[in-house]
Amino acid sequence: MRAGFRRFKLASVPLCALALLLQLPTSARGEVTAEQVQDAIDAGKKYLLRQQRADGSWAVGGGWDLGVTSLTVLALLNAGVEIDDPQMAKSLQYLRSVQKPTRTYEISLMIMALAQARDGKRDFNLILQLVERLERMQIRRGEGSGSWSYGDGQRGFNNSTGDHSNCQYAVLGLWYAQEYGVPVELETWRRIRTHWLNTQCADGGWDYSLGRSSSSGSMTVAGIATMVIANSMLHDDDEVDEDGNPICCAAEEEDDYQKSLNRGIDWLSKFFAVGTNPRTANWQLYYLYGLERAGRLSARRFFGDHDWYREGADYLVRRQANFGGYWKGAGHMEGPVVATDFALLFLSKGLAPVLINKLKYGPRDKRGRLRKDENDWDNHHDDVNNLTKYISGLDKWPKLLTWQQVDSKAATVADLRQAPLLFISGQYGYSFTDAEAAKLKEYVNQGGTIFAEACCDGEGFEKSFRDLIERMYPDGEGKLVRLPPEHEVYRSEYLLDYDTVELWGVELGCRTGIFFTPQDVSCLWDKWQQRPPENRPASLATMIIKATQVGVNVVAYATGRELLKKLEQTESFAVEGRDDEIKRGRLQVAKIRHTGSWNTAPTALRNLIFAMNEKIGMVASTKQRDLVVVDDNIFKYPLVYMHGRHRFEFNRQEQENLRKYLDRGGFLFADACCGSPQFDESFRELMKEMYPDQPLKRLPIDHEIFSPDFGGFDIRKVRRRLPESANTKVTLKTNVHQVEPLLEAIEVDGRVVAVYSKFDISCALERQSSVACAGYVHEDAVRIAMNIVLYSVAQ
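Residues numbered from 1 in each chain as written. Predicted model: local features only at pLDDT ≥ 70, side-chain atom pairs only at ≥ 80, totals over all residues. Heavy atoms only, no water.

A. Inspection of the overall build of the protein at higher detail. Along the backbone of the protein there are 24 helices and 19 strands. Here the protein holds 795 residues, and 58% of them are scored as buried. Taking the intrachain contacts of the protein between residues at least 6 apart in sequence as the baseline, contacts between residues at least 24 apart amount to 73%. Roughly 33,100 Å² of accessible area belongs to the protein as shown, and the carbon and sulfur atoms make up 47% of that amount. (Helix = DSSP H or I, 4+ residues; strand = E, 2+ residues; numbered from the N terminus. Buried < 20%, exposed > 50% of the residue type's maximum accessible area, 1.4 Å probe, protein only. Contact = heavy atoms within 4.5 Å. Areas by Shrake-Rupley, 256 points an atom, 1.4 Å probe, with all protein chains shown as cover.)

Structural data, given as structure tokens:
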């Protein structure tokens, strides 16, 4: 037993608990987890691949093999099968060999599958031919104008009224093609939008035909998604004023598109279900695939009170065949192959990371709902949508990213934390309630980043936002200041010009947690298009690019391109009111105060202790004590922890007391926040002065601290982020590599008394690390820190 300590009994911790690997926490209600969803996706993939025929196709009979093969290829690609997988390569070759498909479903699904494969430009000409055929098949006259029928492309299709099912797949095919880079005529999109506007049912939903029958869930989700897609492909003709300045803030009334979309969403909110296709008995999984599209494209997490993805994923995970890995639906053409296609598309596409939440705020009616005439939060409808789409097309970013709207009153901190960035925009002043301000502060404390802008020369919004910062940080610990030109945000993805880009920020420990700009960047995001109009002025195009780059840089700084899929909730261990009394038998840890920003990551230690208690069943006290090293209370703690970002010094008395503590059996765990060279230099000097004959030495990778032998984790390979350049004249390149962890130690008489990491652990424990933070990614930082603590009590 170490002299001077009440020894923590490692043996009191169950070995089975110590052996548990880190897993994502499930809620008390047992909600579906990302791991369960991924397991279901993997089982579904295996089932489909087992059903493939020798020629690469899938057979369902009835002349639908081509369409179903295209749908299955699309599902498998979205579920993670690579294009160079032998079975996938065979299926793509099968599709490329098909001669002139004639049905709307077949053509549309072939386009979607080939465009999703994104095999360079290999399929460009084939997709172009299919698009031209599909556009020719669009009905041009009569009450079905703008729609599609089953048509064969040769006869009779112009005389048909069409239907909304064929039409939605034609729209999807054209949309995939345009995203791929194949042009689609603007007039085609205009006819589509007009058709769906004119055929909406009186109750706000859509039906199969022309608004003549009852609305159904599957056709209403088709209508919602189609309206969003068609509207995004069109643009205003008046983009600049007579002086060439962008028209951003002209007064707008709710247009026909917004009214139609809102009516459709209201219908779906009223009749929402996942176990059935609302208002009809058939096509259940066909409806769920459409529901995913409607939710993702309309940026809704909720329809009414329903979290559509969680409920749908939970339903599908429970309904999957336990041994076969397939699903079965209700109705014609929902046998195992097609039903499994639809289920995989729902699960995999809906699991895409949420990059940005856009905050809905403003005056409320008597029922607490946002007043419909108060939309200052949404002056530019497509701003965040376009920014997200732009980032999805960049190298090193996921190819499918989403965004959501969140309500400032209804959303919880957990809801906000679904996205790493919260965007707040406005022109006029708004006073957030105390509850809303507290919620925003906690979101930032838990690793989120706020990006706010005063659009439309919004002096009122700027003033109210500055007031909000003062209310969030009344003690002055967070101040909004102009970010200097050397700040990493000016080069996190693109090189931004400090003289023309005005960015302000609030520095919070490890990073800048809040950004603000008085420049209206969202107006220009709103005008970004993959296919800009030919008559767009070059000056406007340049402004749009620069504004979009500002948004990309803030996102890159805030995320480091490390994104979680939906349902992969970040751990939030430090919860108010959970402190417990220090009790005999509990592991107790103190935090060392010093002059080098000792509290840069204020909740890092608490998060670590909560993680150990909840993840491996450790019995550790969550009550944190902050001590200077000359305080004799330090001898009550078997483990002390320190970190920082700046230089510090310990005087002779401090050094002597810390050495006495370590020599009597104490243990020191330290790291340099974000790899700070100033702290690193100071810590090395301290250790050299305290132990001149026992220098810091790197622990070899076969040291037991890296192994799971004593109840820890195998951390011999971890992921570490390392910015490559400190040159402010070039873009900041940050790569995450799989490496051996670098831990150094002081060993005295065969016992390790101190373990130090020159790379960040603390900020990662808070999820506060940015793209410029040299250190370990969150999940591995937690494992490394746990191993160090477990080792300290086991040696």
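Still to come is the rest of the account.
B. Summary view of the sheet that holds strand β13 (residues 667-672). On the basis of which strands lie adjacent, the open sheet formed by seven strands has the order β11-β10-β12-β13-β18-β17-β14 and mixed pairing. In the strand order of this sheet, the two ends are held by β11 (625-627) and β14 (697-698), each with one partner. Sheet analysis places strand β17 (residues 744-748) next to strand β18 (residues 751-757), joined by five bridges and oriented antiparallel. Counterpart to V748 in the pairing with β18 is R751. (Pairing = 2+ DSSP bridges.)

C. Layout of the packing of helix α9 (residues 217-232) against helix α10 (residues 256-271). Orientation of α9 relative to α10, taken along the N-to-C sense of each, is 150°, at an axis distance of 10 Å. Considered as vectors, α9 and α10 are oriented roughly antiparallel to each other. Considering how the two elements wind past one another, α9 and α10 form a crossing that is left-handed. The segment α9 lies against α10, with G217, T220, V221, I224, M227, V228 and N231 engaging Y257, S260, L261, G264, I265, W267 and L268. Grouping the amino acids of the contact of α9 with α10 by side-chain chemistry returns nine nonpolar, five polar and no charged. (Axes fitted to C-alpha atoms, helices over the stretch in contact; angles between N-to-C directions. Parallel < 35°, antiparallel > 145°, perpendicular 65-115°, else oblique. Left-handed = near helix turned anticlockwise from the far one by under 90°. Nonpolar A, V, L, I, M, F, W, Y, C, P; charged D, E, K, R; others polar.)

D. Spotlight on the sheet that holds strand β8 (residues 504-508). Ordered in space as β4-β3-β5-β6-β9-β8-β7, the seven strands form an open sheet in which the pairing is mixed. One side of each edge strand has no neighbouring strand; the edge strands of this open sheet are β4 (402-407) and β7 (480-482). Neighbour to neighbour, the strand axes of the sheet diverge by 30° on average, direction disregarded. Where strand β6 (residues 449-454) and strand β9 (residues 511-517) come together, four bridges link them in parallel fashion.

E. Layout of the state of the cysteines. On inspection of all chains with the given rule, the structure shows four disulfides. The disulfide partner of C248 is C523, and the S-S distance across this bridge is 1.6 Å. Here the disulfide of C248 and C523 is left-handed, its torsion about the S-S bond being about -75°. In this pair, C248 sits in the loop between α9 and α10 while C523 sits in helix α18 (residues 521-527), placing the two residues 275 residues apart along the sequence. For the pair formed by C248 and C523, the shared burial category is buried. Among the cysteines around C455, which has no disulfide bond, C456 carries the closest sulfur, lying 3.8 Å off. (Disulfide = S-S within 2.5 Å.)

F. Examining the pairing of β18 more closely. Within β18, seven of the seven residues are buried, which leaves the element mostly enclosed by the surrounding structure. Bridge count for β13 against β18 is four bridges, and the pairing is parallel. Looking at the pairing, D671 lines up with S757 of β18. What sits between the antiparallel neighbours β17 and β18 is a turn of two residues, in which D749 has the positive phi angle 55°.

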